[in-house]
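Each chain, letter by letter, is given below.
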Amino acid sequence: QCFCELIPKIELHAHLNGCIRSSTFRQLLSSPTDQTRLDTLDKEFSVGDTHARMANVFEKFSLLRSCVTNLDDIRRIARETLEDFISDNVIYAELRTRPRSFHNGKIPSSSYIEAILDIMKKYEEKICSRLILSIDRTQTLEQAMETLKLAENYRTHIVGLDFSGDPNIKSFERFRPVFDLAKQINLSTTIHIGELPDKECINENNLIIDYKPTRLGHFNFRTNDQEQRVLKEQIPLELCPTSNLLTMNLLDLTEHHFDLFYKNKHPLAICTDDSGLMNCNLSSELFQVVQTFHLTKKELYEFIFQTSNLIFDKNMIEFCQKKLNIFSQQSNL
Ligand code: 5GP
């Protein structure tokens, strides 16, 4: 695992609140009922089929959402997340989060964003990080438009728009106008796709591919035709091994779609998704890939190098590639 730990890494798919340390999560949960509920959810984490596992994860998200109640909480989560990435030798991270207000709107979502950006700036010497704003599948179109406006207002550090949230709600079509506007203003987009094996979800994949986002997340369940379209159109994929295994109900990566896309030299990023809730880090995610598919050190290096081309903040590509070059020379790759 050592080489995976040492190599400079790039994180492109991490939900900020999902990165919360489990110790912090437990501290923020004040009521004993919530603590007990979290224990039960932890115990049942990997039981059942894809739908049951997703339901478990999303119940945890709602518990998490209820216990993050002020700016100090989100500052702490941002700080600890960046510290964890730094100790894992992550040199560049795009963190995504759904903007939120606190105290019935007295603290607006712009303050939530500024609190996170302040922490990011404080850590800039040790890790370069940028923010992606998430639109949640359950939101209204009006809320999504607000999110787009926020992204426009903080353009230097907000580098894209994400579409995520409970995949049981098929709402991409409803939000398409917001994503069209994002394209018009040259804001990069990343869309969660194919997270459930049901027909409606797989049908929705077509709408998402038609839109042609800058990157796609997961793509666990898909048709052959959809697979071929994504390959042909070279839409980069963000793959998250631990999270994907959990939701796809697989024991290991042997049957994971990494292999297919990697063999086709498709643009790919290996990411953590929700490192706190999934109890993983980027080194461990890459290690699983390296072990299962027998990547050499040089192949891993080349893999991370190609991931750097997928960064939304194009100004950061050269920075990452320079760091990787230095590492390669020092390690005699
Ligand atoms: P936040 O946006 O609050 O910083 O991060 C947590 C949120 O990210 C969750 O409430 C959920 O909406 C979204 N999220 C995290 N992981 C996943 C995932 O694997 N799939 C989907 N669809 N959404 C996710």
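Residues numbered from 1 in each chain as written. Predicted model: local features only at pLDDT ≥ 70, side-chain atom pairs only at ≥ 80, totals over all residues.

Where an unreviewed UniProt entry is consulted, the chain appears under the name Adenosine deaminase domain-containing protein, with the organism given as Rotaria sordida. Taken verbatim from the UniProt record of the chain, the Sequence similarities (unreviewed entry) comment is "Belongs to the metallo-dependent hydrolases superfamily. Adenosine and AMP deaminases family." In UniProt, the chain has this text filed under Cofactor (unreviewed entry): "Zn(2+)". (UniProt positions renumbered as here; feature names shortened; annotations may be inferred.)

A.B. asks: For this particular structure, what's the right way to read the pairing of strand β6 (residues 215–218)?
C.D. replies: Put simply, side chains in a regular strand alternate between the two faces of the sheet. Relative to β6, strand β5 (residues 188–193) runs parallel, the two being bridged by four bridges. Across the sheet, residue H192 finds its bridge partner in β6, namely G217. In this fold, β5 hands off to helix α9 (residues 199–211), which returns the chain to β6; that crossover is right-handed. Looking at chain direction, β6 and strand β7 (residues 237–239) are connected through two bridges and run parallel. Of the residues in β7, the one forming a bridge with G217 is E238. In this view, the connection linking β6 to its parallel neighbour β7 by way of helix α10 (residues 224–233) has right-handed handedness. (Pairing = 2+ DSSP bridges. Helix = DSSP H or I, 4+ residues; strand = E, 2+ residues; numbered from the N terminus. Right-handed = clockwise from strand over helix to strand, strands pointing away.)

A.B. asks: Explain the pairing of strand β2 (residues 90–97) here, please?
C.D. replies: Within β2, eight of the eight residues are buried, which leaves the element mostly enclosed by the surrounding structure. Across five bridges, the pairing between strand β1 (residues 9–15) and β2 is parallel. Looking at β2, one finds that E11 is bridged to A93. Summarising the sheet, β2 and strand β3 (residues 128–136) pair through six bridges and their orientation is parallel. For E94, the partnering residue across the bridge sits in β3 and is R130. In the classification by handedness, the crossover that spans β2, the intervening helix α6 (residues 109–122) and the parallel β3 is right-handed. (Buried ≥ 20, exposed ≤ 12 C-beta atoms within 10 Å, placed from the backbone.)

A.B. asks: So what exactly am I meant to see when it comes to the UniProt feature "domain: Adenosine deaminase" (unreviewed entry) in the chain here?
C.D. replies: Within the UniProt annotation, "domain: Adenosine deaminase" (unreviewed entry) is assigned to residues 8–304. In residues 8–304, the share of helix is 52% and the share of strand is 16%. The end C-alpha atoms are 8 Å apart.

A.B. asks: Sorry, what's going on with the site of the ligand here?
C.D. replies: The immediate surroundings of the ligand are formed by 17 residues, with H15, N17, F61, T97 and S164 found nearest. By residue class, the composition of the shell around the ligand is three nonpolar, nine polar and five charged. (Near = placed C-beta within 6 Å. Nonpolar A, V, L, I, M, F, W, Y, C, P; charged D, E, K, R; others polar.)

A.B. asks: When you look at the sheet that holds β7 in this model, what are you seeing that I'm missing?
C.D. replies: Pairing between the strands of a sheet is mediated by backbone hydrogen bonds and can be parallel or antiparallel. Within the open sheet, the eight strands sit side by side as β1-β2-β3-β4-β5-β6-β7-β8. Their pairing is parallel. Sheet topology places β1 and β8 (268–270) at the edges, where each strand pairs with a single neighbour. Each strand axis lies, on average, 25° off the axis of its neighbour in the sheet, ignoring direction. (Axes fitted to C-alpha atoms, helices over the stretch in contact; angles between N-to-C directions.)

A.B. asks: Where do I start with the nonpolar core in this structure?
C.D. replies: Most often, soluble globular proteins keep nonpolar side chains buried together rather than apart. Of all hydrophobic cores here, the largest spans 68 residues; its most connected members are I116 and L161. Excluding its chain neighbours within four sequence positions, the residues that come into contact with L161 are I132, L133, I135, L148, A151, F179, A182, L187 and T189. (Core = buried A, V, L, I, M, F, W, Y, C linked by C-beta atoms within 7 Å. Contact = placed C-beta atoms within 7 Å.)

A.B. asks: Would you explain helix α3 (residues 32–43) in this entry?
C.D. replies: Three or four residues apart is the spacing at which side chains of an α-helix point the same way, because the helix has 3.6 residues per turn. Compared with the 16 Å implied by 1.5 Å per residue over 12 residues, the 17 Å span of α3 between its first and last C-alpha is a close match. α3 sits mainly on the outside: zero of its 12 residues count as buried. (Expected span 1.5 Å × (residues − 1).)

A.B. asks: Quick question: what am I supposed to make of the environment of A55 here?
C.D. replies: Looking at the secondary structure, you find A55 in helix α4 (residues 50–67). As a C-alpha pair, A55 and F45 span 10 residues in sequence and 9.7 Å in three-dimensional space.

A.B. asks: Sorry if this is basic, but what is going on with the packing of helix α7 (residues 141–153) against helix α8 (residues 172–184) here?
C.D. replies: For any two helices packed against each other, the geometry comes down to the angle between their axes and how far apart the axes lie. In contact at an axis separation of 9 Å, α7 and α8 are set at 15° when each is read in the N-to-C sense. Here α8 runs roughly parallel to α7, going by the angle between their axes. Between α7 and α8 lies a crossing whose hand is right-handed. Across from L141, A144, M145 and L148 in α7, the residues of α8 making contact are R174, F175, V178, L181 and A182. When grouped by side-chain class, the residues that make up the contact of α7 with α8 number eight nonpolar, no polar and one charged. (Parallel < 35°, antiparallel > 145°, perpendicular 65-115°, else oblique. Left-handed = near helix turned anticlockwise from the far one by under 90°.)

A.B. asks: Please explain unusual backbone geometry as it appears in this structure.
C.D. replies: Excluding glycine, residues mostly have negative phi values, and the peptide bonds linking residues are mostly trans. With a phi angle near 70°, D273 is a residue other than glycine that sits in the positive phi range. Its location among the elements puts D273 in the loop between β8 and α13 (275–278). Of note in the backbone geometry, N279 takes a positive phi value of approximately 55° without being a glycine. Tracing the backbone shows N279 in the loop between α13 and α14 (282–293).

A.B. asks: I would appreciate a short explanation of the packing of α9 against α10 in the present structure.
C.D. replies: As a packed pair, α9 and α10 sit with axes 10 Å apart at the nearest point and diverge in direction by 15°. Relative to α10, the element α9 is oriented roughly parallel. The chirality of how α9 crosses α10 is left-handed. Touching N205, N206 and I209 of α9 are Q226, R229 and V230, all from α10. Within the contact of α9 with α10, the residues separate by chemical class into two nonpolar, three polar and one charged.

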